[in-house]
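# Tertiary structure, described
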Amino acid sequence: PLVTTGELVTRAAAARCAVAAFNVITLEHVEAVIAGAESVSSPVVLQVSENAVKFRYGRLLPLARAAVAAAERAAVPVALHLDHIQSDDLLRQAPDAGFSSVMYDAARLPYADNLAATKAAADWAHAQGLWIEAELGRLGGKNGEPPLDAHAPGARTDPAEAHAFVTDSGVDALAVAVGSSHAMTTRTATLDHDLLKRLAATLDVPLVLHGSSGVPDDELTAAVAGGIAKVNVGTALNIAMTGAIREFLAAHPEAVDSRKYLSVGREAMARAVADIIGVLRAP
Ligand code: G3H
Ligand code: ZN
């Protein structure tokens, strides 16, 4: 069934585990995430990023309608989340398209501008009954930009600043920069667990880890123990899908039916989903 992101994150935080949120681009991604979550009987968040909407000729509704239909028929609770939204127009489409939550991304702006834009988005979202996540600190790696140096002073989320930001903006969750970076194709990120503990102790909203594809299993387990309640994964699904399709096409150069390789890609994504959920649930 279709449920809300807020209830999944709240429940995960109370149980000291994390809900996995997977970025979906195609219908095969949607089906794979749900199949993977069903295989381990776990709730899951499907998220559609502004970049994915751009890829879909700028249209949210075709993929959103498919995701809603798939979620309603799923054997596990599934929530829909709009991810990394910079466009106010897209933000305003969220409720009618079936999304219960948004991540409003103004982290590229200077602090005061990030706060003002995020507060305006949070006020509007709350009036619509939406749950809203925002980001403070810089992860890098979005839109092809290089990952930020993990030790660059401006890159990390400062606990005192984060406390003021959450209080003044009214957001329901905060994405923190603690050493992960978007679009990593190797799982080599090292997280600053001391900073994460200080953030968790300072803030009374759930914390979100972005760029989780580059974070090894043991680091993910420690991050959840340290207070991360939502784990965003995108690139890992594309690695699984593309690798499986590349291998299939190399072994079957005569193949032309797209169902043959899309099903192989979809199965590989479903396995990746089940694996990651398993890590987040581990005690
Ligand atoms: O918001 C989406 C996530 O941060 C995905 O990051 O593609 O590096 O796993 P990733
Ligand atoms: Zn992200």
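Residues numbered from 1 in each chain as written. Chains lettered and ligands numbered in written order. Predicted model: local features only at pLDDT ≥ 70, side-chain atom pairs only at ≥ 80, totals over all residues.

Looking at an unreviewed UniProt entry, the protein carries the name Class II fructose-bisphosphate aldolase, with the source organism given as Streptomyces machairae. Recorded under Cofactor (unreviewed entry), the UniProt text for the protein is reproduced unchanged: "Zn(2+)". (UniProt positions renumbered as here; feature names shortened; annotations may be inferred.)

### Observations regarding the overall build of the protein
Counting its secondary structure elements, the protein contains eleven helices and nine strands. For a compact globule of 283 residues, the expected C-alpha radius of gyration is about 19 Å, and the protein comes in at 18 Å, within 12% of that figure. For the C-alpha atoms alone, the extent of the protein along its principal axes is close to 60 × 40 × 35 Å. Taking all 283 residues of the protein together, 47% fall into the buried category. Considering only contacts within the protein whose residues lie at least 6 apart along the sequence, 69% involve residues at least 24 apart. (Helix = DSSP H or I, 4+ residues; strand = E, 2+ residues; numbered from the N terminus. Rg over C-alpha atoms; globule rule 2.2 N^0.38 Å. Buried ≥ 20, exposed ≤ 12 C-beta atoms within 10 Å, placed from the backbone. Contact = placed C-beta atoms within 7 Å.)

### Concerning helix 7 (residues 159–169)
For helix 7, every residue scored as buried is listed here: Ala-162, Phe-165, Val-166 and Ser-169. Down the axis, helix 7 shows its buried residues gathered within 95° of arc, on one side only. Every exposed residue of helix 7 that faces more than 90 degrees away from the buried side is listed here: Ala-160 and Thr-167. If you follow the buried residues of helix 7, they end up packed against helix 6 (111–127), strand 6 (131–136), strand 7 (173–176) and helix 8 (193–202). (Arc of directions from axis to C-beta.)

### Side note on the site of ligand 1
In the vicinity of ligand 1, 16 residues are found, and the nearest of them are His-210, Ser-213, Asn-232, Gly-234 and Thr-235. At the level of elements, strand 4 (78–85), strand 9 (228–233) and helix 10 (235–251) are the ones that each hand at least two residues to the shell around ligand 1. Counted by class, the shell around ligand 1 contains four nonpolar, eleven polar and one charged residues. (Near = placed C-beta within 6 Å. Nonpolar A, V, L, I, M, F, W, Y, C, P; charged D, E, K, R; others polar.)

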